[in-house]
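# Breakdown of the fold
Each chain is listed here by its residues.
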Amino acid sequence: MTQLRRAGCQYVLDLGCGPAALLIEMARADTGFRGIGVDQGRAMCRIARERAHEAGVTSRIKIFRADVRGICDVLDERVRDRVDAVHARSVLNAFFGRGSGAAVAFLRELRSAFPGRIAFFVDYYGELGHARDSRRGFRLAALQDVAQLASGQGIPPATRRQWHVLYRKAGCTLVSADDRQQDEIRWFIHRVKLAG
């Protein structure tokens, strides 16, 4: 959220918004803020709407139940034009079940729907199947990879460079990366321009 604030984002689309904590917090901090949350889970959308109501920000935050892959079916062009930033936490990792093609296609769709806008992707670096020093102790990431494999989502790229290549294939540009390690998992915040 700090990076979104620093970037001056006033109208954010949060993909995979969950209980809409990010949007609600930003709306509470700034009365000029507007947000749209999209999540596939019926229960999660209900919780997000309830929390937005309790926070008194329902006039500025809208929640849609939908698959993020069909964002153009959810938001018309007029609404998409208002969005100045896209945020997605633990969304991109779901697109690697059959290689990186689905991730590239999804990023291209975002680039087409929100040309020139900034996207903030919060996700993790995969571990399984990548030549890494096993003594580094990223067991939680390896368990996440196993869950990803079992669900058909596949394992995301293991390095910033691999993610950079993926973004370039989609016609996007990695502007900055904030890499972190916590609880035996390597994760990141990538600031990506949805343009080449």
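See above for the structure.
The notes below deal with the structure included here. (Residues numbered from 1 in each chain as written. Predicted model: local features only at pLDDT ≥ 70, side-chain atom pairs only at ≥ 80, totals over all residues. Heavy atoms only, no water.)

What follows covers the environment of R65. Structurally, the position occupied by R65 is in strand β3 (residues 61-65). Note: C-alpha distance between R65 and D39 (26 residues apart in sequence) is 5.2 Å. Discounting residues that sit within four places of it in the chain, R65 has contacts with D39, Q40, G41, R42, C45 and R49. There is a polar contact of 3.3 Å between the side chain of R65 and the backbone oxygen of Q40. (Helix = DSSP H or I, 4+ residues; strand = E, 2+ residues; numbered from the N terminus. Contact = heavy atoms within 4.5 Å. Polar contact = N/O pair within 3.5 Å; in protein donor to acceptor, adjacent residues only side chain to side chain.)

Within a sheet, adjacent strands bond to each other through the backbone by hydrogen bonds, running parallel or antiparallel. One open sheet accounts for seven strands, arranged β3-β2-β1-β4-β5-β7-β6; its pairing is mixed. On the outer flanks of this sheet lie β3 and β6 (173-182), each paired with one strand and no other. In this sheet, neighbouring strand axes are inclined to one another by 15° on average, regardless of whether the strands run parallel or antiparallel. Bridging between strand β1 (residues 11-15) and strand β2 (residues 34-39) involves five bridges; their strand directions are parallel. Pairing of L13 across the sheet is with I36, part of β2. (Pairing = 2+ DSSP bridges. Axes fitted to C-alpha atoms, helices over the stretch in contact; angles between N-to-C directions.)

Take the nonpolar core next. In terms of nonpolar packing, the biggest core is built from 36 residues, with L13, L15, I71, F114, F121 and Y167 touching the most fellow members. For this core, the secondary-structure elements that each account for two or more residues are β1, β2, β4 (85-89), α6 (101-113), β5 (118-124), α8 (160-169) and β7 (185-193). The biggest single contributor to this core is α6, with six residues. If we skip the residues at most four places from it in the chain, F114 touches L13, I71, L75, R80, V83, V86 and L194. Among the nonpolar cores identified, the runner-up in size contains 20 residues, and C9, C17, I24 and I118 belong to it. (Core = buried A, V, L, I, M, F, W, Y, C linked by side-chain atoms within 4.5 Å. Buried < 20%, exposed > 50% of the residue type's maximum accessible area, 1.4 Å probe, protein only.)

The subject of this paragraph is the pattern of salt bridges. Two side chains that carry opposite charge are able to pair once their charged atoms sit near each other. Counted under the stated rule, the structure contains six salt bridges. Between D76 and R78 there is a salt bridge, with the nearest N and O atoms lying 3.9 Å from each other. Exposure remark for D76: the relative accessible area of 39% places this residue in the partly exposed category. Close ionic contact of R160 with D179 constitutes a salt bridge, the shortest N to O distance being 2.8 Å. Here R160, found in helix α8, pairs with D179, found in strand β6; they are 19 residues apart in sequence, far enough to count as distant. Classification of D179 as partly exposed rests on a relative accessible area of 34%. (Salt bridge = Lys/Arg side-chain N within 4 Å of Asp/Glu carboxyl O.)

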